[in-house]
Amino acid sequence: MNPSKRYDRIAFVASTSMEAQAALDQLTELYGNADPETADIIVALGGDGLMLKTLHDFMRTGKPIYGMHRGTVGFLMNEFSTLDLHARLAAARETLINPLLMRATDVHGGVHIHHAINEVSLFRQTHQLARLRILIDERERMAELAADGILVATPAGSTAYNLSAQGPILPINAALLALTPISAFRPRRWRGALLPNTAIVAIEVLEGEKRPVAAVADNEEARDVRRVEIISDKSISMRMMFDPGHSLEERILSEQFGY
């Protein structure tokens with residue numbers, strides 16, 4: 001459990017939806033709106049998309065981030081209320097998450113480096129299947145995967161696109177990454193792998209000229225890639241805040257039982 005802490009200076013950020021903007025106006029009137037650089041905590045108003053953007057925007061600041069649901073999907077958010085916000089923030093519990101770091105090299109030799117909170121995905125760019133070679137810690141583990149693509153997901157992202165691709169749900173504190181194929185054709189029965197979060201995942205594109213592949217870190221895309229390296233970046237720890245009894249750990253556990 002985290003010791004209670006006062007968060008007097010609150011910076012609010014909101015999505016562009018009418019619902020989120022109305023919430024921003026209400027909360028600003030009640031609690032003010034501090035500059036993010038001097039704020040004690042960032043409160044994000046919207047859905048999971050806004051939360052991901054906020055985590056990216058403040059990734060290196062070390063500031064805690066607390067979300068309230070004023071959007072479409074709110075898996076990463078707390079319930080919205082204008083009441084007793086200071087008390088809610090003081091009682092909130094902290095979850096630390098590390099992002100993925102993607103280093104993608106394209107056909108021209110260009111290098112694209114991006115962080116991902118949820119997952120790094122590789123996708124075929126045309127109607128033809130991607131042919132991919134998979135290496136873990138520079139040891140070949142699969143000579144060829146023929147599929148629409150493949151992804152590496154964090155525990156925080158394991159209930160997002162990874163789950164839609166039939167990947168496993170990971171407990172938030174598990175020292176694991178999920179390696180999940182997307183519509184695998186060969187080997188047809190391969191369902192992916194669980195990797196230690198210390199692993200260096202390298203994916204090489206075979207026949208890239210004929211079967212081009214794009215790599216996406218959350219929403220940052222690199223096209224015509226030839227090799228993609230993915231690691232868990234332990235140099236960055238993001239502090240997500242949740243109400244007691246509604247932690248990310250509890251939500252991920254509940255998701256496994258169909259709630």
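For the structure, check the block above.
Quick notes on the rules
Residues numbered from 1 in each chain as written. Predicted model: local features only at pLDDT ≥ 70, side-chain atom pairs only at ≥ 80, totals over all residues. Heavy atoms only, no water. Helix = DSSP H or I, 4+ residues; strand = E, 2+ residues; numbered from the N terminus. Rg over C-alpha atoms; globule rule 2.2 N^0.38 Å. Buried < 20%, exposed > 50% of the residue type's maximum accessible area, 1.4 Å probe, protein only. Contact = heavy atoms within 4.5 Å. Right-handed = clockwise from strand over helix to strand, strands pointing away. Pairing = 2+ DSSP bridges. Axes fitted to C-alpha atoms, helices over the stretch in contact; angles between N-to-C directions. Core = buried A, V, L, I, M, F, W, Y, C linked by side-chain atoms within 4.5 Å. Salt bridge = Lys/Arg side-chain N within 4 Å of Asp/Glu carboxyl O. Polar contact = N/O pair within 3.5 Å; in protein donor to acceptor, adjacent residues only side chain to side chain.

1. Focus: the overall build of the chain
Here's step 1: When helices and strands are counted, the chain shows five helices and 16 strands.
Here's step 2: Against the globule reference of 18 Å for 259 residues, the chain gives a C-alpha radius of gyration of 20 Å, in line with a compact fold.
Here's step 3: Counting across all 259 residues of the chain, residues that qualify as buried make up 49%.
Here's step 4: Across the chain, contacts joining residues at least 24 apart in sequence account for 67% of those joining residues at least 6 apart.

2. Concerning the pairing of strand S3 (residues 65–69)
Walk down a regular strand and you will see the side chains alternate between the two sheet faces.
Here's step 1: By the criterion of burial, S3 is predominantly enclosed, with four of the five residues buried.
Here's step 2: With respect to chirality, the unit in which strand S2 (residues 41–46) leads through helix H2 (residues 48–57) into the neighbouring parallel S3 is right-handed.
Here's step 3: In this sheet, strand S16 (residues 238–242) lies alongside S3 in parallel orientation, the contact comprising two bridges. Bridge pairing in S16 links Ile65 to Met240.

3. Notes on the sheet that holds strand S1 (residues 10–14)
Here's step 1: The sheet built from five strands is open, its strands ordered S1-S2-S3-S16-S4 with mixed pairing. The open sheet is flanked by S1 and strand S4 (93–97), the only strands paired with a single partner. Averaged over all pairs of adjacent strands, the angle between strand axes in this sheet comes to 30 degrees, irrespective of strand direction.
Here's step 2: With five bridges joining them, S1 and S2 adopt parallel strand pairing. When the bridges of S2 are listed, Phe12 appears paired with Val43.

4. Here we look at the pairing of strand S12 (residues 201–206)
Here's step 1: Here strand S8 (residues 130–136) runs beside S12; their pairing, made up of six bridges, is antiparallel. Within the sheet, the bridge partner assigned to Arg131 lies in S12 and is Leu206.
Here's step 2: Sheet topology note: the S12/strand S15 (residues 225–232) ladder contains four bridges and is antiparallel. Residue pairing for S15: Glu204 is matched across the bridge by Arg227.

5. Brief notes about the nonpolar core
For soluble globular proteins, the rule of thumb is that nonpolar side chains tend to be buried together.
Here's step 1: Counting residues in hydrophobic clusters, the biggest one holds 31 residues, and the most contacted among them are Leu132, Leu145, Ile150, Leu179 and Val228.
Here's step 2: For this core, the secondary structure elements donating two or more residues are strand S5 (100–106), strand S7 (119–124), S8, strand S9 (139–153), strand S10 (176–186), S12, strand S13 (213–217) and S15.
Here's step 3: The dominant element in this core, judged by the number of residues it contributes, is S9, at five residues.
Here's step 4: Other than its neighbours up to four places away in sequence, Ile150 contacts Val120, Ser121, Leu122, Leu132, Ile134, Leu145, Leu179, Thr180, Pro181, Ile182, Trp190 and Ile203.

6. Some thoughts on the pattern of salt bridges
Here's step 1: Applying the stated criterion across every chain, the model contains 16 salt bridges.
Here's step 2: The salt bridge partner of Asp40 is Arg9, with a shortest N-O separation of 2.8 Å. Of this pair, Asp40 sits in the loop between helix H1 (18–31) and S2 while Arg9 sits in the segment before S1, placing them 31 residues apart in sequence.
Here's step 3: What makes Asp40 partly exposed here is its relative accessible area of 21%.
Here's step 4: The class for Arg9 is partly exposed, based on a relative accessible area of 45%.

7. Structural notes on the side chain of Asn162
Here's step 1: Within the fold, Asn162 resides in helix H4 (residues 161–164).
Here's step 2: Judged by its relative accessible area of 0%, Asn162 is buried.
Here's step 3: Among the polar contacts made by the side chain of Asn162, one reaches the main-chain carbonyl oxygen of Ser158 at a distance of 3.0 Å.
Here's step 4: Ignoring sequence-local partners within four residues, the contact set of Asn162 consists of Leu151, Ala153, Gly157, Gly167, Pro168, Ala178 and Thr180.

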